[in-house]
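# Geometric and topological summary
The lines below spell out each chain.
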Amino acid sequence: MKNVTSEKRTQGVRKIALFMAALMIVGFAAEIVWAKTAQEINTSVNACLDRLYRQVPGGKELAHKAKGVLVMPDVVKAGLIVGGEYGQGALRVEKKTVSYYNLASGSLGLQIGGEKKDIVILFMTDEALKQFQASKGWEVGVDANVALVKIGGGERVDFTKMKDPIIGFVFDVKGFMADISLKGAKFTKITPDNK
């Protein structure tokens, strides 16, 4: 009798968890459906950079040394066995937006939930920036490796010792997946509306 009751309780918890995950996925996916205008992307990029500068001691100085800064604010990731990730952002060179990009990736495996996060990728050399700009769909781990800086605990990273041509930050993560990996993320140039 106890096994049947325990089994029913476990099944009930699973159903509730799946229902909650489905609601989160629908909510996150709703944000993806509507493409942003250039003005909306730039506003989000400015807010994302402000968060980076507040949350990463030394981040502002490092960003100013970069040859180019790819900013992907509010990237959404959701999954229920099959997962997806999407966001829109801008590439800035000398503090000016020069082009717009989307990030898209998919995955299959044990996953449930959703999250929203900010991604900033710094191109520290002219060569790394040119390779990114010349690509038709730049994929992390295939076209280039990104040195991912872990943020937390108020620690200051000694950026003077970093010699990597591409440095990435994933921060301001909200949700239940807690995935800070960039592996497989594909960035493609887009042309947003100018409304």
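Just so you know, these numbers come straight off a predicted model, no measurement behind them. (Residues numbered from 1 in each chain as written. Predicted model: local features only at pLDDT ≥ 70, side-chain atom pairs only at ≥ 80, totals over all residues. Heavy atoms only, no water.)

### Details of the nonpolar core
The biggest cluster of nonpolar side chains holds 22 residues, and the ones touching the most others in it are L52, V69, V71, V120, L122, I167 and F169. If you list the elements that add at least two residues to this core, you get α2 (38-55), α3 (59-65), β1 (68-93), β2 (96-123) and β5 (166-175). Among the elements that line this core, the one with the most residues is α2, at six residues. The residues touching V120, leaving out its near neighbours within four places in the chain, are C48, L52, V69, L70, V71, I167, G168, F169 and F171. Membership of the second largest hydrophobic core comes to 20 residues, among which are M72, L129, F132 and V146. (Core = buried A, V, L, I, M, F, W, Y, C linked by side-chain atoms within 4.5 Å. Buried < 20%, exposed > 50% of the residue type's maximum accessible area, 1.4 Å probe, protein only. Helix = DSSP H or I, 4+ residues; strand = E, 2+ residues; numbered from the N terminus. Contact = heavy atoms within 4.5 Å.)

### Considering the packing of aromatic side chains
What describes a pair of aromatic rings is the distance from one ring centre to the other and the angle between the planes of the rings. Enumeration over the complete set of coordinates arrives at five aromatic pairs. A centroid spacing of 4.8 Å and a plane angle of 40° characterise the contact between Y101 and F132, whose relative ring orientation is tilted. Taken as a pair, Y101 in strand β2 and F132 in helix α4 (residues 126-134) lie far apart in primary sequence, 31 residues in all. By the burial criterion, Y101 is buried, and F132 matches it. Ring geometry for F123 versus W138: centroids 5.7 Å apart, planes at 65°, classification edge-to-face. Here the residue F123 occupies a position in strand β2, and W138 occupies one in strand β3 (residues 138-139), the gap between them amounting to 15 residues. Here a set of aromatic residues connected by ring pairs shows up, and it is made of Y101, F123, F132, W138 and F187. (Phe/Tyr/Trp six-rings, centres within 6.5 Å; stacked < 30°, edge-to-face > 60°.)

### Digging into unusual backbone geometry
Its identity is not glycine, yet D74 carries a phi of approximately 50°, on the positive side. Inspection of the secondary structure puts D74 in strand β1. Residue D74 is classed as partly exposed on the basis of its relative accessible area of 27%. A positive phi angle, close to 55°, is found at E94, a residue other than glycine. With respect to the element layout, E94 can be found in the loop between β1 and β2.

### Things to note about the pattern of salt bridges
Counting across every chain of the model gives five salt bridges. Measuring nitrogen to oxygen at the nearest pair gives 2.8 Å for the salt bridge that ties E85 to K117. With a gap of 32 residues between them, E85 in strand β1 and K117 in strand β2 connect regions that are remote in the sequence. Take E85 and K117: they sit in the same class, and that class is buried. One connected set of salt bridges, linked through shared partners, spans R51, D74, D118 and D172. (Salt bridge = Lys/Arg side-chain N within 4 Å of Asp/Glu carboxyl O.)

### Looking at the side chain of E85
With a relative accessible area of 8%, E85 lands in the buried category. Within polar-contact distance, the side chain of E85 engages the side chain of K117 at 2.8 Å. Residues in contact with E85, not counting those within four places in the same chain, are V75, V76, K77, L103, A104, S105 and K117. (Polar contact = N/O pair within 3.5 Å; in protein donor to acceptor, adjacent residues only side chain to side chain.)

### Considering the confidence of the model for the chain
Put simply, the chain has an average pLDDT of 79, and 69% of its residues get 70 or more. For residues 19-33, every residue scores under 50 in pLDDT, and the model assigns this stretch 19 contacts once sequence neighbours within four places are set aside. (pLDDT = per-residue confidence, 0-100.)

### Observations regarding α4
For α4, the set of buried residues is A128, L129 and F132. One side of α4 holds all its buried residues, which, seen down the axis, span an arc of 100°. What points out from α4, more than 90 degrees from its buried face, is the exposed set E127, K130 and A134. (Arc of directions from axis to C-beta.)

### Description of a nonpolar patch on the surface
There is a patch of nonpolar side chains on the surface, built from I81, V82 and L108 and spanning about 340 Å² of accessible area. Within the secondary structure, V82 sits in strand β1. (Patch = residues over 30% accessible without salt bridge, like charges linked within 9 Å, V, L, I, M, F, W, Y side chains within 5 Å. Areas by Shrake-Rupley, 256 points an atom, 1.4 Å probe, with all protein chains shown as cover.)

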